[in-house]
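Working through the structure, step by step
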Amino acid sequence: MVRIIRELKALGFKLYVMSNISAPDYEYLRENVPMDWTLFDGIFISAEAHLRKPEIGFFKNVLSDIRAEPSRVLFVDDKFNNVLSARSTGMYGIVHSSSAETIRQLSNLCLNPITRAQSWLQLNKGKMLSVTSTGHTLDEIFSPLLIVEATGDHSLTKPINIVGQTNFFVNAATMTTDTLPNDLDTTSIGLLSSCAVSDSAAAHKVMDEMLQFKNEDGILQVYFDSKRPRIDPIVCTNVLTLFYRFGRGHQLKDTFAWVQDTLRHRAYTDGTPYYATAEAFLYFLGRLINESAEVRRRIGALFESHLKERFGLPGDALALAMRLLAAAYIDPSLRLLRTGPACVDAYRLRQLQSIDGSWAGGWLYRYGSSDIAIQNHGLTTAFGLKALAVWNEGKSGEYI
C-alpha cells in the first residue's frame, strides 16, 4: 500500500487521513510507528473533531477544511458504514478488502490506463500465446495479427508476413485434426494487414482462390477445403472486408446477403460457430462498414441500432472493448461513444484493468465442433487499450 501512496503523491494527489482515535493513542502512533507522515497533507482525528466516522458531520468538516468538491475526493476504509457515509456526501468510496484489490482500484481510478496497458504489452512482447477454456496453450497466428492491427506495433509479435493461403496455427494443429486446412478467415485478416492496395497481386490471387469455395447457397466457406463445407457469418464478414478493400465486394452478393440477414434477425446473439460472443460479430461487421461507404449506406443504420442494444449488458473486458471499437467504426465523429450507455461500458472496462495494466480473459473464438473457447491475454489488452484511447480522444489528457 505504501508504494501506491507514494506513487499517487508523486503525481500530485493530495492525501489525507481520517481516523477514529483518541488523542493519547494518536500521540503514541506518531512517536512510535515508523511511518513517513510527510506523505499526508492533513490528518483528521475524531478526538480533535469531537465527531467519529460514520457521522456525516465528520466528513463534511473534512471536505470544508480541505476545500475540495466531494466528486473529486476518493475515500478508502475497511468499514462499509464509513464508506456509505462518505458516498452520501458525494465522494467516491472504496471498501478495503485486501491490499491487492484496493491497489487495483486505486490504480484504475487514478493512474493512466493507456500507459499502463502499453507498458504491459512491451513487457510481454512475443510471449502472448492463446489459451483454451480447458487450459491448453495454443501457438496460433490469428491473435497476433489482430494485436498488430489494434496497436500498429509489429514488434509486439513474432514476424508475420502473409502472402497467400494461411493456417490458423503456427505449426501443427492443436486439439483438432492433424491436417487442419488453411482458412479464409486467418488469410483475410493477414492479407488486410500485409498487402497494400497498390501492391495487390498476392491478394487478388488468393481472392480468386477463395471464390472457388462457395456452398450451394453461394456463401463462402470457412476452409480452403471442399470436404469441410462449414460457414460462419464472422468469417464471411472478414472475407468481405478483404474483397471490399480491393474493389471486389460485388463478387460476394450472396455472402453479403447472409451477413445482412444475420444482422437483421439478430442471429449473432449467442455468437457464431467459430466465435464466442455477439460483440465479435458486431466488431468485425463495424470494421467492414468502416472499410466501405457502400456497406455503410446499406446497413449502417441497422447496425447502429443493434449495437446500441448491447451497451450496458453484461460482458467481459474483450466484449466491452469490442462494443466501443464497433461504435468508433460506425461513427468516426465519436458521437455514439459519448452517449451515456457507452460511457458506462467505458467506465466498466477501465475498472476491469488488472494491477499490472493488462486486461485478462475475454473469449473470442472457439473450436467449431465443440464448446472449447479460446482467449488471448495480449489481444484483450490491445483491444482494451485501443478502446479507451479512442474513447478519450479530444479529452485533453483527462481519463474516464
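A few points on the structure. Keep in mind it's a predicted model, so treat the numbers as computed, not measured.

Rules used in this analysis
Residues numbered from 1 in each chain as written. Predicted model: local features only at pLDDT ≥ 70, side-chain atom pairs only at ≥ 80, totals over all residues. Heavy atoms only, no water. Helix = DSSP H or I, 4+ residues; strand = E, 2+ residues; numbered from the N terminus. Buried < 20%, exposed > 50% of the residue type's maximum accessible area, 1.4 Å probe, protein only. Contact = heavy atoms within 4.5 Å. Areas by Shrake-Rupley, 256 points an atom, 1.4 Å probe, with all protein chains shown as cover. Lys, Arg positive; Asp, Glu negative; His and termini not counted. Charge placed at Lys NZ, Arg CZ, Asp CG, Glu CD. Expected span 1.5 Å × (residues − 1). Pairing = 2+ DSSP bridges. Salt bridge = Lys/Arg side-chain N within 4 Å of Asp/Glu carboxyl O. Core = buried A, V, L, I, M, F, W, Y, C linked by side-chain atoms within 4.5 Å. Phe/Tyr/Trp six-rings, centres within 6.5 Å; stacked < 30°, edge-to-face > 60°. Axes fitted to C-alpha atoms, helices over the stretch in contact; angles between N-to-C directions. Parallel < 35°, antiparallel > 145°, perpendicular 65-115°, else oblique. Left-handed = near helix turned anticlockwise from the far one by under 90°. Right-handed = clockwise from strand over helix to strand, strands pointing away.

Attention now goes to the overall build of the protein. In terms of regular secondary structure, the protein is built from 17 helices and 8 strands. The dimensions of the protein, computed from C-alpha atoms along their principal axes, are 85 × 40 × 40 Å. For the protein, the proportion of its 400 residues judged to be buried stands at 50%. Contacts in the protein between residues far apart in sequence, at least 24 positions, make up 66% of those at least 6 positions apart. If you sum the accessible surface of the protein, you get close to 18500 Å²; carbon and sulfur atoms cover 52% of it. Put simply, the protein has 41 plus and 42 minus side-chain charges, and the middle of one group is 3 Å from the middle of the other.

As a further point, take helix α13 (residues 278-291). The end-to-end C-alpha separation of α13 is 20 Å, in line with the 20 Å expected for 14 residues at 1.5 Å each. Buried residues dominate α13, accounting for 12 of its 14 residues. Of all the residues in α13, the buried ones are A278, E279, A280, F281, L282, Y283, F284, L285, G286, R287, L288 and I289.

It is worth spelling out the sheet that holds strand β5 (residues 130-132) at this point. In spatial order, the strands read β6-β5-β8-β7; together these 4 strands make up an open sheet with antiparallel pairing. Edge strands, defined here as strands with exactly one partner in the open sheet, are β6 (137-138) and β7 (363-366). Note that β5 and strand β8 (residues 373-376) share 3 bridges and pair antiparallel. Across the sheet, the residue bridging to V131 is Q375, located in β8.

With that out of the way, let us pick up unusual backbone geometry. K53 connects to P54 through a cis peptide bond whose omega is 10°. Take P54: it is sitting in the loop between α3 (46-49) and α4 (56-66). Positioned with a positive phi, L334 is a non-glycine residue whose angle comes to about 70°. Its place among the elements puts L334 in the loop between α15 (317-330) and α16 (340-351). Classification of L334 by relative accessible area gives buried; the value is 8%.

What follows concerns the pattern of salt bridges. When charged atoms on two side chains of opposite charge get close, those side chains can pair. As enumerated under the stated definition, the model contains 22 salt bridges in all. Here R6 makes a salt bridge to D36, at a shortest N to O gap of 3.5 Å. Placement of the pair is R6 in helix α1 (residues 2-10) and D36 in the loop between α2 (23-32) and β2 (42-45), with a sequence separation of 30 residues. Residue R6 is classed as partly exposed on the basis of its relative accessible area of 43%.

Counting 93 residues, the largest nonpolar core has Y275, L364 and F383 as its most contacted members. The biggest single contributor to this core is α15, with 12 residues. When neighbours within four sequence positions are excluded, L364 is seen to be in contact with F142, L146, Y275, A276, A280, F284, L318, M322, I374 and L379. Listed in part, the 13 residues of the second largest apolar core include F58, V62, I66 and V73.

Turning our eyes to something else, we now look at the environment of V295. One can find V295 in helix α14 (residues 293-310). Not counting residues within four places of it along the chain, the set of residues in contact with V295 comprises Y244, F256, L288, I289 and G300.

Bringing the packing of aromatic side chains into the picture now. In this structure the tally under the stated criterion is 16 aromatic pairs. Taking the centre distance of 4.9 Å and the plane angle of 75° together, the rings of Y283 and F284 count as edge-to-face. Each of the two residues, Y283 as well as F284, counts as buried. With a centroid separation of 5.6 Å and 50° between ring planes, the pair formed by Y283 and Y329 is classed as tilted. With Y283 in helix α13 and Y329 in helix α15, the pair connects residues that are 46 residues apart, well separated along the chain. The burial state of Y283 is the same as that of Y329; both residues are buried. Of the aromatic side chains, those joined through ring pairs into one cluster are F142, F168, F169, Y275, Y283, F284, Y329, Y365 and F383.

Turning our attention to the packing of helix α7 (residues 113-123) against helix α17 (residues 377-391). Between α7 and α17, the least distance of the axes is 9 Å, while the angle of their chain directions is 155°. By the angle class used here, α7 and α17 are roughly antiparallel. Crossing angle aside, the handedness with which α7 passes α17 is left-handed. Contacts from P113, I114, A117, Q118, W120 and L121 of α7 reach α17 at H377, G378, T381, A382, L385, L388 and A389.

As a further point, take the pairing of strand β4 (residues 92-95). Sheet faces and side chains relate simply in a regular strand, where the side chains alternate between the two faces. Alignment of strand β3 (residues 74-77) against β4, held across 4 bridges, turns out to be parallel. Bridge pairing in β4 places D77 opposite V95. Each parallel crossover has a hand, and the one from β3 via helix α5 (residues 80-88) to β4 is right-handed.

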